[in-house]
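Next come the chains, spelled out residue by residue.
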Amino acid sequence: MRELEFKMERPGLLETGQKVTVTEGVLPSSYYYTIDPSLAMSGNYPFRERLLAREGDVTSVVENPRGFYVTVAFSE
């Protein structure tokens, strides 16, 4: 089980327990992931930390002063 954190710009787009799919983006030295359809975005991950699974479950949605953060669990 692997968990990744995503930044969500608006409240109410995702809920705990919801199943999501992610799309992988490639940068020159890392990967990033977007919850479809563009609901939230991850940080950058180096090549050695590439995510193998494309479907996961939302485990938490947290609001803090910097915004909304979604944690998704993937089974790899």
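For the structure itself, consult the block above.
Residues numbered from 1 in each chain as written. Predicted model: local features only at pLDDT ≥ 70, side-chain atom pairs only at ≥ 80, totals over all residues. Heavy atoms only, no water.

Chemist: So what exactly am I meant to see when it comes to the nonpolar core here?
Modeler: For soluble globular proteins, the rule of thumb is that nonpolar side chains tend to be buried together. Grouped together as the largest cluster of nonpolar side chains are 19 residues, with contacts concentrated most on Phe6, Tyr33, Ile35, Val70, Val72 and Phe74. When residues of this core are assigned to their parent elements, the largest contribution, four residues, is made by strand β7 (residues 67-74). Discounting residues that sit within four places of it in the chain, Ile35 has contacts with Phe6, Leu14, Val20, Thr21, Val22, Ala40, Val70 and Val72. (Core = buried A, V, L, I, M, F, W, Y, C linked by side-chain atoms within 4.5 Å. Buried < 20%, exposed > 50% of the residue type's maximum accessible area, 1.4 Å probe, protein only. Helix = DSSP H or I, 4+ residues; strand = E, 2+ residues; numbered from the N terminus. Contact = heavy atoms within 4.5 Å.)

Chemist: Any chance you could explain the packing of aromatic side chains here in plain terms?
Modeler: To describe a pair of aromatic rings, one takes the distance between the centres and the angle between the planes. All told, the structure shown has two aromatic pairs when counted by the stated rule. Between Tyr31 and Phe47 the ring centres are 5.0 Å apart and the planes differ by 75°, which places this aromatic pair in the edge-to-face class. Placement of Tyr31 in strand β3 (residues 30-35) and of Phe47 in the loop between β5 (45-46) and β6 (55-64) is noted, with a sequence separation of 16 residues between them. The exposure class of Phe47 is partly exposed, given its relative accessible area of 42%. Note on Tyr33 and Tyr45: the rings are 6.3 Å apart at their centroids and 50° apart in plane angle, and the pair reads as tilted. A residue pair is termed long-range when its members are at least 10 positions apart, and Tyr33 in strand β3 and Tyr45 in strand β5 qualify at 12 residues. Residue Tyr33 shares its accessibility class with Tyr45, and that shared class is buried. Here the basic side chain of Lys7 rests over the ring of Tyr69, its NZ or CZ set 5.7 Å away from the ring centre. (Phe/Tyr/Trp six-rings, centres within 6.5 Å; stacked < 30°, edge-to-face > 60°. Lys NZ or Arg CZ within 6 Å of the ring centre and 35° of its normal.)

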